[in-house]
Amino acid sequence: MKLSRGKVGDWEKMLEYNRTDVLAEEALSRALPDLSEVELEVWRASERMNRRGFAVDIAGCRNAVRLAGEHAEKLTAEFHDITGLDTAGQRAKFIVWLASKKVVSRDTTAATLDAELKKTTDVNICRAIQIVRALGRSSIKKYKAMLEQVDTDGRVRGTVMYHGAGTGRWTGRGVQPHNYPRHCPPDMNQAWNDINSMDLDMLEMVRGDPMEFLSSALRGSIVAPAGRRLIIGDYAQIEARMTFWLAGDRAALDMFRDRSRDMYCEMAGMIFNRIVTKEDEDERFLGKQATLALGFGAGFVKYLVHCRALGAPPFSWRQVCELVPVGHRTDIYNWIVSDGWEMVKRHIEKPTLDDARELVLAKYIVNRFRDKYKNTVVALWARLETAFRSALGWPGMWVEANDTPVAYQLKDKFMRCRLPGGRMLRYYDPKLNGREMSAMASDGSKWVRRKLYGGLLTENVVQASARDVMAGAWLRLEKTEIYRDLVLTVHDELVTEVTDGCGSIEEFEQILAETPAWCPDLPIRVEVFKARRYRK
């Protein structure tokens, strides 16, 4: 090994730095418990999958990059003609330009720009916003990232991090497949035939906005190599099912067992006062976010901010008037713009009256959810919070949350949470200050003290338990000859490669849907399909 010639003392500084690093890692090793035998095997399975990697359509990615580059040049020139700015990346200057057109924009996030698009009638403003949105799609950049990270055998490796989240769930790294757009073309194979065979003008004629189309087709860049096929299994509504299972809501669990019914559609139906089907994608999406976010105790402001961050269309005042009874509407609006305004400002920078009108519907939705599930889900929040508080006052003693298979114990500066499946979650240095509970957590770059409450404790237990269901299925798949070559996990999905002609959708579903011994009455449903290209 050749060492570069540095300044006098650099070598000693590096040695001292490394010595400190090793001591810190040693201290961490002493503080953290060893992995259980099961978890050690889950880690090994994760590493095997990362080393195996997934295959990528390299030629297709190059075509996608070429098409995106050509279209970006056209859009940048058009943007300059409209605004006088050199690029759409000059976001601060774009806000100033919008202000010159009497459009006040707090930022240029996707949600904010989409809201402005719905309000403005000026053709130039609309087109400028559309261009900024098109050129700002991070998903387009992932094509380049895959080409940069693909190995010589055509596979991308190391894209998943074991225990990336505190609940034990896997997170993405590298090309970040966890962040790929959720909307996909209905025929992914034909979409990629178009990418690989069309010039830009033809693509625009057939598919519309090229950037939006390329973004939606991103998942299809992950492929099965020649002679192989992908089998994708997705745990349907697993977090919602786990929430209502923990809460003991028998009516909700019976609904989940009925394959003709869909919880997210029914929740959306409660919101919109009409029948909602899976074809009503925007409405069902809001129903899904209500089921999940409100099931974890989100308030009305956080619910609206959460929906905006995920690209949900804004609530119009017409919708608010149609859905919220006039008496409730007036009372909620008056409370928001008076007593509730300071709380709103903590979550929304420079809120406007338009925000207040949207918040009326958000508040109404939260009220309806909490009223409907006050004896199950809302009661679950209280049970977990009460047990956590009690454990803080009785170090060393296990405190069970009433009517749940969850318990807490304070030991050696860690609050341990025993999950239904037996695995432990840990909260470091928990404290009780008056009525407020908190613990230390990482925000990615440093340790911070974070507030804890019943809804968040519920979210932690639900996500960790749903993860344990999938981890068990993963290990079962690895014991088979046909399905053991897992290549990817994304959220609640497992993706494996099989040899052409081998394996069946029914058998794969059966393996994933096997109910763990610790939750025999949990209604698990898995949606499975086989394809050459990965898709949602």
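Anyway, here's the lowdown on the structure attached to this text. (Residues numbered from 1 in each chain as written. Predicted model: local features only at pLDDT ≥ 70, side-chain atom pairs only at ≥ 80, totals over all residues. Heavy atoms only, no water.)

Time to look at the pattern of salt bridges. For the structure on display, the rule yields 45 salt bridges. Between Arg274 and Glu283 there is a salt bridge; the shortest N-O distance is 3.0 Å. Given a relative accessible area of 38%, Arg274 falls into the partly exposed group. The salt bridge partner of Glu493 is Lys536, with a shortest N-O separation of 3.5 Å. (Salt bridge = Lys/Arg side-chain N within 4 Å of Asp/Glu carboxyl O. Buried < 20%, exposed > 50% of the residue type's maximum accessible area, 1.4 Å probe, protein only.)

If you walk across this open sheet you meet the six strands as 7-8-9-10-11-12, and the pairing is antiparallel. A single partner strand is all that each edge strand has here, and the edge strands are strand 7 (399-400) and strand 12 (447-452). In this structure, strand 9 (residues 414-418) lies alongside strand 10 (residues 424-433), joined through five bridges in antiparallel fashion. Within strand 10, the residue paired with Met415 across the bridge is Tyr427. Seen against the sheet, helix 21 (residues 454-478) touches strand 8 (407-411), strand 9, strand 10, strand 11 (436-442) and strand 12 and runs at an angle of roughly 175° to strand 10. (Pairing = 2+ DSSP bridges. Helix = DSSP H or I, 4+ residues; strand = E, 2+ residues; numbered from the N terminus. Contact = heavy atoms within 4.5 Å. Axes fitted to C-alpha atoms, helices over the stretch in contact; angles between N-to-C directions.)

With respect to burial, strand 8 is a largely interior element, four of its five residues being buried. Bridging between strand 7 and strand 8 involves two bridges; their strand directions are antiparallel. Bridging across to strand 8, Val399 finds its partner in Tyr408. Taking the residues that link successive antiparallel strands as the turn, the strand 7-strand 8 hairpin has six residues, and the phi of Asp403 there is positive, at about 60°. Where strand 8 and strand 9 come together, five bridges link them in antiparallel fashion.

Once that is clear, we can look at the side chain of Glu39. Summarising the element assignment, Glu39 is placed in helix 2 (residues 37-52). Looking at Glu39, its side chain comes within polar contact range of the side chain of Tyr162, at 2.5 Å. Apart from the residues within four sequence positions on either side, Glu39 is in contact with Tyr162, Arg423 and Arg467. (Polar contact = N/O pair within 3.5 Å; in protein donor to acceptor, adjacent residues only side chain to side chain.)

Judged by how many residues are buried, strand 6 (residues 228-235) sits mostly within the fold: seven of eight residues are covered. Sheet topology note: the strand 6/strand 14 (residues 493-499) ladder contains seven bridges and is antiparallel. Across the sheet, Arg228 pairs through a bridge with Thr499, a residue of strand 14. The pairing of strand 6 with strand 15 (residues 526-531) spans six bridges and is antiparallel. Bridging across to strand 15, Gly233 finds its partner in Val528.

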